[in-house]
Amino acid sequence: MTNNDSIKYVCKDATIAYNCVVSLEILAPTEGFLPKSLQIIVKNSETKKDAVVEIANVTVIGDPQLVNFNGMRNSSMRGLSLVFNQSQDFVDFVTFGAYNGQGLVFDLINPNNYSVNVSIILSGLNVSNEMVGMR
């Protein structure tokens, strides 16, 4: 493996107020980033106990990244962060870029009556910017 082929990590932390919706854009550390695994950790902001958020959508350059169990992409698919509580090696997201609008965007909803801290951790490969939007 060369340096460019070795696994890298990208992290994003945010606090979401109760009953709020946020869009979090994660940008590649260099030109492009091809995600291979995803972990979403959600904790109650005050008690630090495990919590959940709803995943309303995940997109790259407007292209939906959530895939339904039948293998079809569905821009309205909604799920819970519990699916990604432990690192999941089955993400099939396209390569995202290092510039605004090219990132991996998570639309998250906090349905709780308390604020939550969200940590999104991706592992993957640094790739060239020519790969942005491609699998």
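All values reported here derive from a predicted model rather than from experimental measurement. (Residues numbered from 1 in each chain as written. Predicted model: local features only at pLDDT ≥ 70, side-chain atom pairs only at ≥ 80, totals over all residues. Heavy atoms only, no water.)

A.B. asks: Which residues make up the pairing of strand β9 (residues 116-127), and what values do they have?
C.D. replies: Consecutive side chains along a regular strand alternate between the two faces of the sheet. Among the 12 residues of β9, 9 are classified as buried, and the element is accordingly described as predominantly covered. Sheet analysis places strand β1 (residues 7-16) next to β9, joined by 10 bridges and oriented antiparallel. The residue bridging Thr-15 from the neighbouring strand is Asn-117, located in β9. By the bridge criterion, 12 bridges tie strand β3 (residues 32-44) to β9 in an arrangement that is antiparallel. Bridge assignment links Phe-33 to a residue of β9, and that residue is Asn-126. (Buried < 20%, exposed > 50% of the residue type's maximum accessible area, 1.4 Å probe, protein only. Helix = DSSP H or I, 4+ residues; strand = E, 2+ residues; numbered from the N terminus. Pairing = 2+ DSSP bridges.)

A.B. asks: How would you summarise the side chain of Thr-59 if you had to cite specific residues and measurements?
C.D. replies: For Thr-59, the position within the fold is in strand β4 (residues 54-60). With residues up to four places along the chain from it excluded, the contact list for Thr-59 reads Pro-64, Gln-65, Gly-103, Leu-104 and Val-105. (Contact = heavy atoms within 4.5 Å.)

A.B. asks: Outline the nonpolar core, supporting the account with residue identities and numerical values.
C.D. replies: Counting residues in each nonpolar core, the largest one holds 28 residues, and the members touching the most others are Leu-38, Ile-40, Phe-106, Leu-108, Val-118 and Ile-120. Within the residue set of this core, elements represented by two or more residues are β1, β2 (21-26), β3, β4, β8 (104-109) and β9. If sequence neighbours within four positions are ignored, Phe-106 has contacts with Val-22, Ser-23, Leu-24, Ile-26, Leu-38, Ile-40, Asn-57, Val-58, Phe-93 and Ile-120. (Core = buried A, V, L, I, M, F, W, Y, C linked by side-chain atoms within 4.5 Å.)

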